[in-house]
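The lines below spell out each chain.
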Number of protein chains: 2
Amino acid sequence: MTDEQSTRELPDGRTPPAVAVVDATTPGNVGTIARAMKNFGFEELLLVDPPELDPEGDAYGYAGHARDDVLPNATEISFDRLVEEYHTIGCTAVTNEDDRRHVRFPYSTPADLAERLLRVEAQTALVFGRERVGLTNEELARIDEICSIPASAEYPVLNLGQAATVTLYELRSLTLGGDTQLPDVERVRAPEPAVDRLYDQWADLLVEINHPEEKREKTMRMLRRVYGRADLTEREANTLLGLLRRATERPADR
Amino acid sequence: MTDEQSTRELPDGRTPPAVAVVDATTPGNVGTIARAMKNFGFEELLLVDPPELDPEGDAYGYAGHARDDVLPNATEISFDRLVEEYHTIGCTAVTNEDDRRHVRFPYSTPADLAERLLRVEAQTALVFGRERVGLTNEELARIDEICSIPASAEYPVLNLGQAATVTLYELRSLTLGGDTQLPDVERVRAPEPAVDRLYDQWADLLVEINHPEEKREKTMRMLRRVYGRADLTEREANTLLGLLRRATERPADR
């Protein structure tokens, strides 16, 4: 662990939220959280009363590539310093039923936070509690905001590592923007003329196979619906066009 | 494991997607996936070539309450039967760069799927591959659709259990609808008259503290922005109103 905190800035000058884990007992969970941080572009891991993190043990075993940076660069910090230095957002599965108590209510969902934190400049920390009991009411009372993941009313309690993963996934827009591993589907979607040629070819084929004239318009509408939903790439549109052309032009065996 | 597949229906008659895990080697990951299924309202777990799931071992240890139903009710199934009987959606971190190859492209994100699957009637299975290498190209070629979680371009590969958790979280609208553990914040947001009384009281207080007249309009606008963003509950609005009233009415000590 290092004494210095990460101060990487986002392109717009904001610092991405830190992730704080309070009193975890299972090193594997700390590793899982570190991995999720790396998967979704977070860097600053703060540990309050952490378990021993043996470089040969589960924390490093579960961390994936985060074993090279997020995990060894984690900072140990006291809960007091955490709430003094950061705008803290405590994550909990259990909220109060209504507004009569303030400790666990009102809450934001991770999706709410993703939208709101884009506009916030303050140094923020997402705070995750210990396995089984999470954050205590005393801890939550000292925290600035409550965040809760919508889940099944029957069993809303996520495992610590899973809760952190979902929260960081939902907040990825703060760190990654649109810069993910995924190519831009819009970019490769077939241009309209290519799709139009496909429809023209279908129209020819309907004539060729003697599809009843009164049904053709309805059939064409169905085809437009099908291909419209499928978001064809140009290559797919061209391949289909070739197939249909061959189907249209083959010698009739009637 | 049972031979019969779960056939629970959603309120609108659709069956929620099944979750299939292909050739996992770590029982703990199967348990983690079962727990995420229970957290987000999924029931039907299909296992292709699963590891031994010892009731005293990690699978049950990681499953939380899913140890009582999702995990013991899991169905063992061959990959052949899986692709024959279900509309299959294969989850992979790595897509092709563009549309020149069809095996891993185009993809949907889990958020895209959540929207699309609401309109689909077919029996669907979300298919997750083995640790480290995921689904093979041969397996992906037999699958109906590709799903990929947007993540850091630098390190987009999620752990198996974490990938399933994020996907099921994002698809929770299919199973839970709006029926989560979370109380409805809209329902408890302060009614406008309560908030208006708060602003009236602030206006009185600004007079009382001799806030410069020319600045009052701007200050009131700031206060509206602050409270507007905070989504006050009725109780908070009333508590603040009481505090401000006392501040306004206290004897001046000037």
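1. A few points about the overall build of chain A
Part 1: When you go through chain A residue by residue, the secondary structure sums to 11 helices and six strands.
Part 2: Across the 254 residues in chain A, those meeting the buried criterion constitute 41%.
Part 3: Within chain A, contacts between residues separated by at least 24 positions form 84% of all contacts whose residues are at least 6 apart in sequence.

2. Let's talk about the domain arrangement of chain A
Part 1: In terms of domain boundaries, chain A breaks down into domain 1 (18-176) and domain 2 (185-249).
Part 2: Domain 1 of chain A and domain 2 of chain A are separated by 49 Å when their C-alpha centres are compared.

3. Details of the relation of the copies chain A and chain B
Part 1: Least-squares fitting of chain A to chain B yields an RMSD of 0.1 Å, with the superposition described by an axial translation of 0.1 Å and a rotation of 180 degrees. Those values place the two copies in the arrangement expected of a two-fold rotation axis. Of the C-alpha atoms belonging to chain A, the one lying closest to the rotation axis is found on V166 of chain A, 2.8 Å away.
Part 2: When you check the interface residues of chain A against chain B, 98% turn up at the interface there too, and the contact is symmetric in its surfaces.

4. Here we look at helix α4 (residues 110-117) of chain B
All names here are of chain B.
Part 1: All buried positions along α4 are accounted for by P110, L113 and L117. When α4 is viewed along its axis, its buried side chains cluster within an angular range of 50 degrees and face the same direction. In α4, the exposed residues that point more than 90 degrees away from the buried face are A111 and E115.
Part 2: Close packing links the buried residues of α4 with β4 (87-91), β5 (124-128), β6 (145-147), α6 (160-170) and α7 (172-176).

5. Digging into the sheet that holds strand β4 (residues 87-91) of chain A
All names here are of chain A.
Part 1: Strand order in the open sheet made by the six strands is β3-β2-β1-β5-β4-β6, with parallel pairing throughout. In the strand order of this sheet, the two ends are held by β3 (75-76) and β6 (145-147), each with one partner.
Part 2: Set on the sheet, helix α1 (residues 27-39) makes contact with β1 (18-22) and β2 (45-48); between it and β1 the angle comes to about 170 degrees.

6. A look at the interface of chain A and chain B
Part 1: Listed per partner, the contact involves 44 residues of chain A and 43 residues of chain B.
Part 2: Every element with two or more residues in the side of chain A that touches chain B is listed here: α1, α6 (160-170), α7 (172-176), α8 (185-188) and α11 (234-249) of chain A.
Part 3: The residue makeup of the side of chain A that touches chain B, split by class, is 18 nonpolar, 14 polar and 12 charged.

7. Notes on helix α10 (residues 213-230) of chain B
Part 1: Taking 1.5 Å per residue as the helical rise, α10 of chain B with its 18 residues ought to reach 26 Å, and the 26 Å between its terminal C-alpha atoms agrees with that figure.
Part 2: Little of α10 of chain B is tucked away, with zero of its 18 residues classed as buried.

8. A closer look at the environment of S173 of chain A
Part 1: In this fold, S173 of chain A is placed in helix α7.
Part 2: For S173 of chain A and V48 of chain A, which are 125 residues apart along the polypeptide, the C-alpha to C-alpha distance reads 26 Å.

9. Observations regarding the confidence of the model for chain A
Residue and element names in this part refer to chain A.
Part 1: For chain A, per-residue confidence averages 87 on the pLDDT scale, and 88% of positions sit at 70 or higher.
Part 2: The model gives residues 1-7 a pLDDT under 50, and that stretch makes 11 contacts with residues more than four places away or in other chains.
Part 3: Reported confidences for the modelled complex are a pTM of 0.81 and an ipTM of 0.79.

Cut-off values and rules
Residues numbered from 1 in each chain as written. Chains lettered and ligands numbered in written order. Predicted model: local features only at pLDDT ≥ 70, side-chain atom pairs only at ≥ 80, totals over all residues. Helix = DSSP H or I, 4+ residues; strand = E, 2+ residues; numbered from the N terminus. Buried ≥ 20, exposed ≤ 12 C-beta atoms within 10 Å, placed from the backbone. Contact = placed C-beta atoms within 7 Å. Domains from an automatic or database assignment. Least-squares fit on C-alpha atoms with pLDDT ≥ 70 in both. Arc of directions from axis to C-beta. Pairing = 2+ DSSP bridges. Axes fitted to C-alpha atoms, helices over the stretch in contact; angles between N-to-C directions. Nonpolar A, V, L, I, M, F, W, Y, C, P; charged D, E, K, R; others polar. Expected span 1.5 Å × (residues − 1). pLDDT = per-residue confidence, 0-100.

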